[in-house]
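Chain residues, written in single-letter form:
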Amino acid sequence: MSLAYDLMDKVDRLVYERKCDNQGWVELEFLQEFLKDKSSNKSTIDRYFAKLVEMMGMYRDIMITDEYGKLIYAVSNTDLVGKMDFKHKDWFKKTLKQDDCYISDMFYFNEIDEHIILNSTAVRDENNKIIGVVISLVNWNQFLSIIQSAKIGENGEVYLLNANGDIIGSKNDNEILKRNLIESENAAREVVNGNEYGYVIEMNDDEIASVSGFAYSKGFMHYNSKGWSVIVKEVLN
């Protein structure tokens, strides 16, 4: 079913676009200056990042840490500045070890009480020394809107799954990270086992009960897949 493929493509493109944002910020001259001299005026950073958060609607917050993981700037959660230390977080350790932007799986970020994707890129000086990390907390509602706006039948279902088969997007918010489809849906088993695209027909007394299309994430451009997938299920009987 082409709908599953189209939805997966939209999700992949959105992840890629947010990755490009994060990677582009590390080259900003005023960000480099701020991280080299923590006492420098941060008014330019405030204007730039606050406007991005306000205008784009894509981010719950944009944060900056020093090279050791201490939070030194945040657009929205300013009360956490100087109090949060991310040095022991797995995502922070991975960020320091790679040149590329780190992209997390969707998870519940306790500090802001929301589901997000976290993107983070190490900021390096002219000698390639890490001087800080820029972090974007991507608004998960942007991804949910892709899934929840899909046009399907009255009894249809649409799911975005992570690599383990857990629901991370659904028309029912209460299912997110609380239900795994591998046991109950043949289509989920197919796609999690590596089948990239196809459909599964379920029969009931020699009649077609449902048709489930599935599509596996292929990533997009310089974004490698996180192993997510989309399932679109049309219940007929």
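One can find the structure itself at the top, above this paragraph.
An account of the accompanying structure is given in this report. (Residues numbered from 1 in each chain as written. Predicted model: local features only at pLDDT ≥ 70, side-chain atom pairs only at ≥ 80, totals over all residues. Heavy atoms only, no water.)

## Considerations on the pairing of strand S1 (residues 59-66)
Judged by how many residues are buried, S1 sits mostly within the fold: 7 of 8 residues are covered. Relative to strand S6 (residues 130-139), S1 runs antiparallel, the two sharing 7 bridges. Paired with Thr65 across the bridge in S6 is Val133. One ladder, built from 3 bridges, connects S1 with strand S2 (residues 71-74); its direction is antiparallel. Paired with Met63 across the two strands is Ala74, which belongs to S2. If you look at the hairpin formed by S1 and S2, you'll find 4 residues sitting between the two strands, and Gly69 has a positive phi there, around 100°. (Buried < 20%, exposed > 50% of the residue type's maximum accessible area, 1.4 Å probe, protein only. Helix = DSSP H or I, 4+ residues; strand = E, 2+ residues; numbered from the N terminus. Pairing = 2+ DSSP bridges.)

## Here we look at the pattern of salt bridges
Evaluated as defined, the whole model comprises 11 salt bridges. One salt bridge in this structure joins Asp90 and Lys94, with 3.1 Å as the shortest N-O distance. Linking Asp90 with Lys94, this pair stays in helix H4 (residues 90-96), spanning 4 residues, or about one helical turn. Overall, the relative accessible area of 47% leaves Asp90 in the partly exposed class. Looking at Lys94, the relative accessible area reads 38%, which means it is partly exposed. (Salt bridge = Lys/Arg side-chain N within 4 Å of Asp/Glu carboxyl O.)

## Overview of unusual backbone geometry
A positive phi angle, close to 65°, is found at Asp113, a residue other than glycine. Relative to the assigned elements, Asp113 resides in the loop between strand S4 (107-109) and strand S5 (114-124). Classification of Asp113 as exposed rests on a relative accessible area of 53%.

## A word on the packing of aromatic side chains
Tallying each qualifying case throughout the model produces 11 aromatic pairs. Look at Phe107 and Phe109: their rings are 5.8 Å apart centre to centre, the planes differ by 70°, and that puts the pair in the edge-to-face class. Owing to a relative accessible area of 25%, Phe107 belongs among the partly exposed residues under this scheme. An angle of 90° between the planes, with centres 5.8 Å apart, marks the rings of Trp140 and Trp228 as edge-to-face. One end of the pair, Trp140, is in the loop between S6 and helix H5 (141-148); the other, Trp228, is in the loop between strand S10 (207-216) and strand S11 (229-235), with 88 residues separating them in the sequence. Residues Trp140 and Trp228 agree in their burial class; the two are buried. Lying across the ring of Tyr102, Lys226 places its NZ or CZ 5.8 Å from the centre. (Phe/Tyr/Trp six-rings, centres within 6.5 Å; stacked < 30°, edge-to-face > 60°. Lys NZ or Arg CZ within 6 Å of the ring centre and 35° of its normal.)

## Quick notes on the packing of helix H2 (residues 29-36) against helix H3 (residues 43-56)
One can describe the packing of H2 onto H3 by two numbers: an axis separation of 9 Å at closest approach and a directional angle of 130°. Between H2 and H3, the interaxial angle falls into the category oblique. In the packing of H2 onto H3, the handedness of the crossing is left-handed. Facing Phe30, Leu31 and Phe34 of H2, the residues of H3 in contact are Thr44, Ile45 and Tyr48. Its residues placed into classes, the contact of H2 with H3 shows 5 nonpolar, 1 polar and no charged. (Axes fitted to C-alpha atoms, helices over the stretch in contact; angles between N-to-C directions. Parallel < 35°, antiparallel > 145°, perpendicular 65-115°, else oblique. Left-handed = near helix turned anticlockwise from the far one by under 90°. Contact = heavy atoms within 4.5 Å. Nonpolar A, V, L, I, M, F, W, Y, C, P; charged D, E, K, R; others polar.)

## Concerning the side chain of Asn22
With respect to the helices and strands, the residue Asn22 is situated in helix H1 (residues 2-25). Overall, Asn22 belongs to the buried group, its relative accessible area being 0%. A polar contact is formed between the side chain of Asn22 and the side chain of Thr121, at a distance of 2.4 Å. (Polar contact = N/O pair within 3.5 Å; in protein donor to acceptor, adjacent residues only side chain to side chain.)

## Considerations on H2
Owing to its 3.6 residues per turn, the α-helix aligns residues three or four sequence positions apart on the same side. Among the residues of H2, those classed as buried are Leu31, Gln32, Phe34 and Leu35. The buried residues of H2 occupy one face: seen down the axis, they fall within an arc of 160°. In this structure, the buried residues of H2 make contact with H1, H3, S1, S2, S5 and S6. (Arc of directions from axis to C-beta.)

## Re the state of the cysteines
One way to say it: the disulfide is the covalent bond shared by the sulfur atoms of two cysteines. Applying the stated rule across the entire model yields 0 disulfides. Cys20 takes part in no disulfide bond, and the closest cysteine sulfur to it belongs to Cys101, at a distance of 8.9 Å. Overall, Cys101 belongs to the buried group, its relative accessible area being 4%. (Disulfide = S-S within 2.5 Å.)

## Quick word on the nonpolar core
If you look at soluble globular proteins, the nonpolar side chains tend to sit buried side by side. Residues Phe49, Ile62, Trp140, Leu160, Trp228 and Val230 are the most contacted members of the largest nonpolar core, which totals 46 residues. The element best represented in this core is H1, accounting for 8 residues. Residues Met63, Leu118, Ile135 and Leu137 belong to the second largest nonpolar core, which totals 16 residues. (Core = buried A, V, L, I, M, F, W, Y, C linked by side-chain atoms within 4.5 Å.)

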